[in-house]
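# Structural description and commentary
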Amino acid sequence: MKPKASSQGKGIQVISSFDEVPRGAGQPPCLVQQYISSPLLIDGYKWDLRIYVAITSINPLRIYVYEEGLCRFASEKYDTSDLKNIFSHLTNYSINKKNKPAAARFQQQHTSASKPSTSSYTNKYNGYPTYRADLKSSQKSLASQESLGGPSNPFVRPGSQMDSRSEFESHSNTTKSKWTLKAFKEYMRNLKSHAQQKDLIGPDVDVLFKKIHDIVVKTIISAEPLLWNGVEMYLPNTYQFDTSSQIDTKMKNNNCFELLGFDILVDENFKPWLLEVNLSPSLNTDTQLDFKVKGNLISDLFTLVGLQND
């Protein structure tokens, strides 16, 4: 249950009965969603994905999904016996960064830890899920990319071919309760590789993101009439004088865009679920990881919409 028009996890509660929903005159409106009680866990922690989506046109509808994003973790292990423990059930970074004991535990273990080994992944830290990578085989290739990494056109149209190459990344791509989307994909591909070595079927992250793209497209299409009405009502029209007909011709408006933040939960069957769509996703840069992901996001978004630096 979450209050209407709220953000950053404020007021969210996990309830077990509709009797706990406030009703009656004077009660603020709220949204009640079915709780997915069987999420896929990483090292026992609940997590979700923040997917950044840009809409650059309503008619025709143009949707772009950013290849980078965030995997956000709860700061305490998942425990269904205690529904009131927000640090176990909510993945909002704005909430989990306030979990001082968990942050202190991570900091102590991180400081005393040895340098990254040649193993792609180690789970030696109990404070948070941890991704580690060996840089020896990849420093040259990473150094040849743009200053903060990533492909030259990181915004992709849903359904287009995405880069499926496996890249090792620096430890700066993880923090105490966040991974980059690339680190998450690398982790999942590693799990699949280990499973295949044992003749098991591992998680297919490429199939997962095709399903996520499907969710993005269908969600936006469901709201397309409202979006179109809003554009027609609030976006000023531009006109061009046609000298041959001597009349003003209405022109298409290309001077607006929208950045959305889709929050996706993945269950134990590797099925993605849409939690919510954020109209104004947080662009705060509390950590170097945030600065890397969101700084590039804004730069690439401005390039996508053709914003010129005069």
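Residues numbered from 1 in each chain as written. Predicted model: local features only at pLDDT ≥ 70, side-chain atom pairs only at ≥ 80, totals over all residues. Heavy atoms only, no water.

## Thoughts on the overall build of the protein chain
Note the cut-off: Here a strand is any run of E in DSSP of at least two residues, a helix any run of H or I of at least four, and the numbering for each starts at the N terminus. Exposed residues in this analysis have more than 50% of their type's maximum accessible area, buried residues have under 20%, and partly exposed residues fall in between, with area computed by a 1.4 Å probe over protein chains only. In what follows, residue pairs with any heavy atoms lying within 4.5 Å of each other are defined as contacts.
Of regular secondary structure, the protein chain possesses 8 helices and 11 strands. Looking at the 310 residues of the protein chain, the share that counts as buried comes to 39%. In the protein chain, of all internal contacts separated by at least 6 residues, the share reaching a separation of at least 24 is 62%.

## Structural notes on helix 6 (residues 205–222)
Note the threshold: Helix span is expected to be 1.5 Å times the residue number reduced by one. Our arc is simply the arc of the directions from the helix axis toward the C-beta atoms. Whenever a nitrogen or oxygen atom comes within 3.5 Å of another N or O atom, the pair is scored as a polar contact, on the condition that within protein one atom can donate a hydrogen and the other can accept it, and that pairs from neighbouring residues in sequence are kept only if both atoms are in side chains.
The terminal C-alpha atoms of helix 6 lie 26 Å apart, and with 18 residues this matches the ideal 26 Å at 1.5 Å per residue to within 8%. Every buried residue of helix 6 is listed here: Val-205, Leu-208, Phe-209, Ile-212, His-213, Ile-215, Val-216 and Ile-220. For helix 6, the angular spread of buried residues about the axis comes to 155 degrees, placing them on one side. Residues of helix 6 that are exposed and point more than 90 degrees away from the buried face comprise Lys-210, Lys-218 and Ser-222. The N-cap residue of helix 6 is Asp-204: its side-chain oxygen and the backbone nitrogen of Asp-206 are 3.1 Å apart.

## Concerning the pairing of strand 10 (residues 258–266)
Going by this rule: When DSSP finds two or more bridges between a pair of strands, those strands are recorded as paired.
Burial runs high along strand 10: 8 of the 9 residues are buried. As paired elements, strand 3 (residues 47–57) and strand 10 share 7 bridges and run antiparallel to each other. Bridging across to strand 10, Ile-55 finds its partner in Glu-258. Relative to strand 11 (residues 272–278), strand 10 is paired through 6 bridges, and the arrangement is antiparallel. Residue Leu-265 lies in a different strand from strand 11, and its bridge partner there is Trp-273. With antiparallel pairing between neighbouring strands as the criterion, strand 10 and strand 11 make up a hairpin whose turn holds 5 residues, including Phe-270 at a positive phi of roughly 65 degrees.

## Here we look at helix 5 (residues 181–197)
Between its terminal C-alpha atoms helix 5 stretches 25 Å, which fits the 24 Å expected from 17 residues at 1.5 Å a residue. Among the residues of helix 5, Leu-181, Ala-183, Phe-184, Lys-185, Glu-186, Tyr-187, Met-188, Arg-189 and Ala-195 are the ones counted as buried. Once helix 5 ends, the next one or two residues include Asp-199, with phi positive near 60 degrees.

## Some thoughts on the environment of Gly-202
With respect to the secondary-structure elements, Gly-202 resides in the loop between helix 5 and helix 6. Residues Gly-202 and Arg-189, 13 residues apart in the sequence, show an inter-C-alpha distance of 8.4 Å. Once residues within four sequence positions are removed from consideration, Gly-202 is found in contact with Lys-192 and Ala-195.

## Section: the confidence of the model for the protein chain
As a reminder of what qualifies: Looking at any residue, its pLDDT shows the predictor's confidence there, from 0 to 100.
Of the residues in the protein chain, 67% reach a pLDDT of 70 or more, and the chain-wide mean stands at 74. Contacts for the low-pLDDT stretch residues 161–171, under 50 throughout, to residues beyond four places or in other chains number 35 contacts.

## Overview of the environment of Val-277
Tracing the chain through its elements places Val-277 in strand 11. The class of Val-277 is partly exposed, set by a relative accessible area of 36%. When the C-alpha atoms of Val-277 and Val-53 are compared, they prove to be 9.8 Å apart, with 224 residues separating the residues in sequence. Once residues within four sequence positions are removed from consideration, Val-277 is found in contact with Thr-219, Leu-260, Gly-261 and Phe-262.

## A closer look at the nonpolar core
Convention followed: Among buried residues, those of type Ala, Val, Leu, Ile, Met, Phe, Trp, Tyr and Cys that are joined through side-chain atoms within 4.5 Å constitute a nonpolar core.
With 33 residues, the main nonpolar core has Trp-47, Leu-49, Ile-51, Val-53, Phe-184, Met-188 and Phe-209 as its most contacted residues. Looking at this core, the elements with two or more residues in it are strand 3, strand 4 (62–73), helix 5, helix 6 and strand 10. For this core, the leading source of residues is helix 6, giving 7 residues. Contact partners of Trp-47, with chain neighbours within four places excluded, come to Leu-40, Leu-41, Ile-42, Cys-71, Arg-72, Phe-73, Thr-91, Phe-184, Met-188, Leu-265 and Val-266. Residues Tyr-52, Leu-259, Val-293 and Leu-297 belong to the second largest nonpolar core, which totals 10 residues.

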